[in-house]
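Letter by letter, the chains look like this.
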Amino acid sequence: MTTLMLTADELERLTGRKRPTAQQAWLRRNGIVHRVNDCGEVIVARAIAERFLGVAPAAAEREPDLDWPALRAAGIVSRQ
């Protein structure tokens, strides 16, 4: 099971740094959105890391299949 956030080991592997301040500096240089929790741990969402690495999940990239004729018939969308 994958988690929502990178583990400490995964973050170290991604950044090549052990210290949180060095990890933050690396993440900033590479434009990766991150947060620091109250314990001083660097938090990176897995989806952001995957997007940075070019391996974003296919489901997140796909547009939903919509039944446009039914949506128009129900008045939810209009013709353009």
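Residues numbered from 1 in each chain as written. Predicted model: local features only at pLDDT ≥ 70, side-chain atom pairs only at ≥ 80, totals over all residues. Heavy atoms only, no water.

**With respect to the packing of aromatic side chains**
Centre distance and the angle of the planes are the two values used to describe a pair of aromatic rings.
Then, number 1: Following the criterion strictly, the structure yields one aromatic pair and no others.
Then, number 2: Geometrically, the ring pair formed by Trp26 and Phe52 is edge-to-face, given 6.0 Å between the ring centres and 80° between the ring planes. Linking Trp26 in helix 2 (residues 20-29) with Phe52 in helix 3 (residues 46-53), this pair joins segments that are 26 residues apart in sequence.
Then, number 3: By relative accessible area, which is 15% here, Trp26 ends up buried.
Then, number 4: By relative accessible area, which is 37% here, Phe52 ends up partly exposed. (Phe/Tyr/Trp six-rings, centres within 6.5 Å; stacked < 30°, edge-to-face > 60°. Helix = DSSP H or I, 4+ residues; strand = E, 2+ residues; numbered from the N terminus. Buried < 20%, exposed > 50% of the residue type's maximum accessible area, 1.4 Å probe, protein only.)

**As for the layout of surface pockets**
Then, number 1: Looking at the largest pocket, its volume works out to about 150 Å³.
Then, number 2: Lining the largest pocket we find Leu6, Thr7, Ala8, Leu11, Glu12, Lys18, Pro20, Gln23, Glu41, Val42 and Ile43.
Then, number 3: Elements supplying a minimum of two residues to the lining of the largest pocket: helix 1 (8-15), helix 2 and strand 2 (42-43).
Then, number 4: A per-class count over the lining of the largest pocket returns six nonpolar, two polar and three charged. (1 Å grid on protein atoms, 1.4 Å probe; cavity = no way out; pocket = protein on both sides within 12 Å on 5 of 7 lines; lining within 4 Å. Points joined across faces, edges and corners; volume = space filled by probe spheres on them. Nonpolar A, V, L, I, M, F, W, Y, C, P; charged D, E, K, R; others polar.)

**Regarding the packing of helix 1 against helix 2**
Then, number 1: Interhelical geometry of helix 1 versus helix 2 gives an angle of 55° and a closest axis separation of 10 Å. With respect to their mutual orientation, helix 1 and helix 2 come out oblique. Helix 2 is crossed by helix 1, and the crossing has left-handed handedness. Residues Leu11, Glu12, Leu14 and Thr15 of helix 1 lie in contact with helix 2, whose contacting residues are Gln23, Trp26 and Leu27.
Then, number 2: Split by residue class, the contact of helix 1 with helix 2 holds four nonpolar, two polar and one charged. (Axes fitted to C-alpha atoms, helices over the stretch in contact; angles between N-to-C directions. Parallel < 35°, antiparallel > 145°, perpendicular 65-115°, else oblique. Left-handed = near helix turned anticlockwise from the far one by under 90°. Contact = heavy atoms within 4.5 Å.)

**Notes on the pattern of salt bridges**
Then, number 1: Evaluated as defined, the whole model comprises two salt bridges.
Then, number 2: Taking the shortest distance from any N to any O, the salt bridge between Glu10 and Arg46 comes out at 2.8 Å. Of this pair, Glu10 sits in helix 1 while Arg46 sits in helix 3; the two residues are 36 residues apart in sequence, bridging distant segments of the chain.
Then, number 3: Using a relative accessible area of 13% as the deciding quantity, one classes Arg46 as buried.
Then, number 4: The salt bridge partner of Glu12 is Lys18, with a shortest N-O separation of 3.6 Å.
Then, number 5: Assessed through its relative accessible area of 29%, Glu12 is described here as partly exposed. (Salt bridge = Lys/Arg side-chain N within 4 Å of Asp/Glu carboxyl O.)

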